[in-house]
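# Structural features, examined
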Amino acid sequence: MTIPDLRKTDLFGDFLHLSSEIGNDIQKTQGAGGNTSIKHDGVMWVKASGTWLAKAREQDIMVPVLVDPLVTALREGDPRAEKSIDFVVDELNSSGLRPSIETSFHAALQSPVVAHYHCVNAIALAVLDRRDEILAARMAAVHDLKWASVPYRRPGTPLAREIEKAAAARPDILILFNHGIIVCGETVSEVAERIDRVTEALRSAPRATAAPNFDALTTAANGSSFHAAKDLDSHVIALSDINQALALGGSLYPDHVIFLGTEIGMLTPEQNANDLEAAYAREGRELPKLVIVPGKGILLSNTLTAGGEVMARCLAEVVGRIPDGEKIAYLSDADEYELTHWEAEQYRQALDRQSTRHSA
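Residues numbered from 1 in each chain as written. Predicted model: local features only at pLDDT ≥ 70, side-chain atom pairs only at ≥ 80, totals over all residues. Heavy atoms only, no water.

Per an unreviewed UniProt entry, the protein chain is named Class II aldolase, and its organism is Rhizobium grahamii.

This is the structure we're talking about:
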């Protein structure tokens, strides 16, 4: 049986437009994070692993997957559901890429159109110890939308199984603890409208800070394997005592662990980046990819890719929006280990390294 190619339709064009809009909003998506999908005639087109939603209209980044066999595999504990590769419609997969590592949860959701993205406003509330209470108060502003929260699970089939528990109720919104948000709908336009509404309901103003000191940062980085982040807003991590403490307290969400690692460095007043490198070398430790220079700004490793550097901005956006005085539910050591030793994420990192590097 010939499977219709949805890419030739206006519907698919609208879907790509929405995907691109989500991907080009730094407060919704950072780098290769997030994914979208659209289901039609038993086939689901979903973003390829390691690709950027921002490039949805200029690159071939959507992979076709058979929905029903994938859902069956997920429910039966079939390990093929983890990567979803065996359910790709090869004759339509012109990119030859893998589907997103989160394809299985897109398949489990019954809505024709699904957008998952790493909304910084959602994450800033979904990492709180009191998140259930605080999220319920915020979501009251969109009381006509059915929503649910989902406990943290590693992306892939562990998260998909949690999401499937909520799928039967046909939720409009799912807020993923320590991860992000999912918006579902019958049409592309309905999902777009719901994204606008839930964004407004969860919006928080970032904490005010002073400006970074680029002269001091340049001096601190001189001769080292670090550079001052070029993106102005990334520096707010270091420009508030509260922001610093939140960032240094632990890992908040998966993409930070994957692209920036589990440790953030910090210079003392007497140190520069060369001193830090020497200290780590003496201790036989791997250098951090992000270093805080208190009150001045942040330094980033010269080894970081574009995807890694934009994660510094994501962290800045998140910690700057976490309410003062709230206790944080950080990822556990076991959560971090699970992410850093996961083949699917190693594949995504490899794709990111192949991309053109530029400074944030």
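## Re the pairing of strand β2 (residues 43–47)
As a general feature of sheets, a regular strand has side chains that alternate between the two faces. Here is the rule we go by: Think of it in three bands: residues with accessible area under 20% of the maximum for their type are buried, residues over 50% are exposed, and the middle band is partly exposed, with areas taken using a 1.4 Å probe on protein chains only. Helix and strand definitions here come from DSSP, where helices need a minimum of 4 consecutive H or I residues and strands a minimum of 2 consecutive E residues; each element is numbered from the N-terminal end. Between any two strands, pairing holds if DSSP finds at least two bridges.
Of all five residues in β2, five are buried, a share of seventy percent or more. Here strand β1 (residues 35–40) runs beside β2; their pairing, made up of four bridges, is antiparallel. If you follow Ser 37 over to β2, its bridge partner there is Val 46. Counting the residues that bridge the hairpin from β1 to β2 gives two residues, and of these Asp 41 lies at a positive phi of roughly 55°. Inspection of the sheet shows β2 paired to strand β3 (residues 62–66) by five bridges, in the antiparallel sense. When the sheet's bridge partners are listed, Val 43 is paired in β3 with Leu 66.

## Comments concerning the confidence of the model for the protein chain
The condition is simple: A residue's pLDDT is simply how confident the predictor is in it, with values from 0 to 100. Residue contacts follow a heavy-atom distance rule, with two residues in contact if any of their heavy atoms lie within 4.5 Å.
When pLDDT is averaged along the protein chain, the result is 94; 95% of the residues meet or exceed 70. Low confidence marks residues 356–360, where pLDDT is under 50. Its contacts with residues over four positions away, or in another chain, come to 15 contacts.

## Topic: the sheet that holds β2
Put simply, the rule is: Helix axes use the C-alpha atoms of the stretch in contact, all axes being lines fitted to C-alpha atoms, and the angles between their N-to-C directions lie in the range 0 to 180 degrees.
Here seven strands make up an open sheet; going across it, the order is β3-β2-β1-β4-β7-β6-β5 and the pairing mixed. The open sheet is flanked by β3 and β5 (147–150), the only strands paired with a single partner. When the angles between neighbouring strand axes are averaged without regard to direction, this sheet yields 15°. In the sheet, β5 pairs with strand β6 (residues 173–176) via four bridges, with the strands oriented parallel.

## Some remarks on helix α12 (residues 306–319)
Put simply, the rule reads: One fewer than the residue count of a helix, multiplied by 1.5 Å, yields its expected span.
Relative to the 20 Å expected for 14 residues at 1.5 Å per residue, α12 spans 21 Å between its end C-alpha atoms, a close match to the ideal helical length. Burial runs high along α12: 14 of the 14 residues are buried.

## Some thoughts on helix α11 (residues 273–283)
In an α-helix, one full turn covers 3.6 residues, which means residues spaced three or four apart are oriented alike. Convention followed: As used here, the arc belongs to the directions running from the helix axis to the C-beta atoms. N or O atoms within 3.5 Å of each other form a polar contact, as long as, within protein, one can give a hydrogen and the other can take it, and as long as residues adjacent in sequence are counted only when both atoms are side-chain atoms.
Buried within α11 are the following residues: Ala 273, Leu 276, Glu 277, Ala 279 and Tyr 280. End-on, the buried residues of α11 take up no more than an arc of 160°, which puts them together on one face. Within α11, the exposed residues directed more than 90 degrees away from the buried face are Ala 281 and Arg 282. Each element contacted by the buried residues of α11 is listed here: α8 (214–221), β8 (226–228), β9 (265–266), β10 (290–293) and β11 (297–301). A distance of 3.0 Å separates the backbone nitrogen of Asn 274 from a side-chain oxygen at the start of α11, and that oxygen is part of Asn 272.

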